[in-house]
Amino acid sequence: MNIERIGVIGAGQMGHGIAHVAALAGYDVVMTDINREALDKGLKLIDRNLGRQVGRDLISEADKTAALGRVSIDTRLEALSDCDLVIEAATEDEAVKKNIFQKLCPLVKPEAFLASNTSSLSITRLGAATDRPGQFMGLHFMNPVPVMQLVELIRGIATDEATFTALKTVVDRMGKQAVSAEDFPAFIVNRILLPMINEAVYTLYEGVGSVSAIDTAMKLGANHPMGPLELADFIGLDTCLAVMQVLHDGLADTKYRPCPLLVKYVEAGWLGRKTGRGFYDYSGDVPTPTR
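Here the residue index of a chain counts from 1 through its sequence in written order. Only residues with pLDDT of at least 70 get local features here, since the model is predicted, and only at 80 or more are side-chain atom pairs given and counted; chain-wide, interface and lining totals rely on the full set of residues. The basis for every side-chain value is the complete set of heavy atoms in the structure, and neither hydrogens nor water enter the calculation.

UniProt positions are given in the numbering used here, feature names are shortened, and annotations may be inferred rather than shown by experiment. Residues given the UniProt feature "site: Important for catalytic activity" (unreviewed entry) here are His140. Every helix listed is a DSSP run of H or I at least four residues long, and every strand listed is a run of E at least two residues long, numbered separately from the N terminus. Within the element layout of this structure, His140 appears in strand S6 (residues 136–141).

Laid out in structure tokens, this is it:
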């Protein structure tokens, strides 16, 4: 099936980014969220980020205007009924995602493809919660979506080859680099990245170094563009914890045990940049380490 209309479920950090790149690639996009304020905010961020691309001469003003004109927003899943592909970008919670797909399936046309932007959860299990596991797969975009070039393509055990081919074509048209990953917990990027972040939190927890010392050491000693604790705040500590829990539960290896300090920060609601406090405090002009 020719894909020309894409639905995105979730207007948060990942959802509005996916809507941005899809619209810029020429797709008509319907972005939905149960929260109207989130939709309005997401649309404003798409406008702002397209403007940044214009300012950097990456796209023209006409490209921006055309892309914005392709994006519509709605609080109802019914608005996705005529989409050829629907990409779920809700919170990293398996029960929430399954519930969304169970509500979505009766509303979309039988030939429509479904995908999840999950960063760690089983594509096979999510696909089994739908009425079309053969037309379901994982499309894991990286954050921030308009900037990052990679998309992980993950087949579930039931994913048809035609589905993989069709969705890879979509990713190619968006100008992204696709890599194929097997359906194992956290796939490729997060299987490697999140244990490193978790180890950085352990290094802080055990008093080996301060927040500033750990991030400075990894930026200057390993040439990382961002320290691991700064990166954790950017990703969201709740997301970091969720991925570590998926790794720990799915692979049954103690090396993936989430650091107790990471758990405490999440319990405190210190989730990083999005809440204004994590390993850094973002209330001032310059982020300040909290430990």
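Now that the structure has been shown, we can carry on.
The subject of this paragraph is helix H6 (residues 161–173). Given a rise of 1.5 Å per residue, 13 residues ought to cover 18 Å, and the 18 Å separating the end C-alpha atoms of H6 matches this to within 8%. When a residue's accessible area, from a 1.4 Å probe over protein chains only, is under 20% of the maximum for its type it is buried; when over 50% it is exposed; and in between it is partly exposed. What H6 keeps buried is the set Thr163, Phe164, Ala166, Leu167, Val170 and Val171. Contact definition: two residues touch when any of their heavy atoms are within 4.5 Å. In the core, the buried residues of H6 are packed alongside strand S1 (5–9), strand S4 (85–88), strand S5 (113–116), S6, strand S7 (150–155) and strand S8 (177–181). Multiplying 1.5 Å by the helix residue count minus one yields the expected span of that helix.

Spatially, the eight strands line up as an open sheet ordered S3-S2-S1-S4-S5-S6-S7-S8, and their pairing is mixed. Each end of this open sheet is capped by a strand with a single partner; those strands are strand S3 (71–74) and S8. Within this sheet the neighbouring strands show an average axis-to-axis angle of 25 degrees, counted without direction. Of the strand pairs in this sheet, S4 and S5 are connected by four bridges, and their pairing is parallel. When the bridges of S5 are listed, Ile87 appears paired with Ala115. Axes, fitted as lines to C-alpha atoms, cover a helix only where it is in contact. Angles between the N-to-C directions of the axes lie from 0 to 180 degrees. On top of the sheet, helix H1 (residues 13–24) reaches S1, strand S2 (28–32), S3, S4 and S6; it is set at about 170 degrees to S2, its chief contact. Between any two strands, at least two bridges found by DSSP are needed for them to pair.

On to the side chain of Arg132. With respect to the helices and strands, the residue Arg132 is situated in the loop between helix H5 (123–128) and S6. Residue Arg132 is classed as buried on the basis of its relative accessible area, which comes to 6%. Among the polar contacts listed, one links the side chain of Arg132 to the side chain of Asp131, at a separation of 2.7 Å. Residues in contact with Arg132, not counting those within four places in the same chain, are Cys105, Val108, Lys109, Pro110, Glu111, Ala112 and Leu114. For this analysis, a polar contact is any N or O atom pair within 3.5 Å, provided that within protein one partner can donate a hydrogen and the other can accept it, and provided that sequence-adjacent residues contribute only side-chain to side-chain pairs.

The feature "domain: 3-hydroxyacyl-CoA dehydrogenase C-terminal" (unreviewed entry), as given by UniProt, occupies residues 187–282 in the numbering adopted here. In residues 187–282, the share of helix is 61% and the share of strand is 2%. The end C-alpha atoms are 31 Å apart.

A few words now on the pattern of salt bridges. Here, a salt bridge means any side-chain nitrogen of Lys or Arg that lies within 4 Å of a carboxyl oxygen of Asp or Glu. Enumeration according to the criterion identifies 17 salt bridges in this entry. A salt bridge links Glu230 to Lys219, with the shortest nitrogen-to-oxygen separation between them at 3.8 Å. Of the two residues, Glu230 sits in helix H9 (residues 228–235) while Lys219 sits in helix H8 (residues 211–221), which places them eleven residues apart along the sequence. Classification of Glu230 by relative accessible area gives buried; the value is 19%. According to the relative accessible area criterion, Lys219 is partly exposed, its value standing at 31%. Each of the salt bridges in this network shares a partner with another, and the network as a whole consists of Glu88, Glu92 and Lys97.

Within the secondary structure, Ile188 sits in the loop between S8 and helix H7 (189–205). Residues Ile188 and Leu241, spaced 53 residues apart in sequence, show a C-alpha to C-alpha distance of 17 Å. Look past the residues within four positions of Ile188 in its chain and what remains in contact with it is Glu152, Ser180 and Ala181.

The set of buried Ala, Val, Leu, Ile, Met, Phe, Trp, Tyr and Cys residues whose side-chain atoms join them within 4.5 Å is what this entry labels a nonpolar core. In terms of nonpolar packing, the biggest core is built from 40 residues, with Ile3, Ile6, Leu85, Leu139, Phe141 and Leu167 touching the most fellow members. The greatest single-element share of this core, amounting to six residues, is contributed by H1. Those residues within four positions of Ile6 in sequence are excluded, and the remaining contacts are Ala22, Tyr27, Asp28, Val29, Val30, Cys83, Leu85, Ile87, Val170 and Met174. Judged by nonpolar contacts, the second largest core, of 26 residues, contains Ile214, Leu237, Phe279 and Tyr282.

Attention now goes to the domain arrangement of the protein chain. These domain boundaries are the output of an automatic or database domain assignment. Taken domain by domain, the protein chain holds domain 1 (5–182) and domain 2 (190–283). Listed by partner, the interface residues are eight residues for domain 1 and seven residues for domain 2. Buried area adds together the accessible area that both of two parts lose upon being put together, with accessible area traced by a 1.4 Å probe. Considering only the surface of domain 1 that becomes buried against domain 2, Glu92, Ser119 and Ser120 emerge as the three largest contributors, covering 53% of it. The tally of links from domain 1 across to domain 2 stands at zero salt bridges. Here domain 1 and domain 2 share one residue pair in polar contact (both at pLDDT 80 or more) between them. Of the residues in the side of domain 1 that touches domain 2, the class split is two nonpolar, five polar and one charged. The nonpolar class holds Ala, Val, Leu, Ile, Met, Phe, Trp, Tyr, Cys and Pro. Asp, Glu, Lys and Arg form the charged class, and all remaining residues, Gly among them, are polar.

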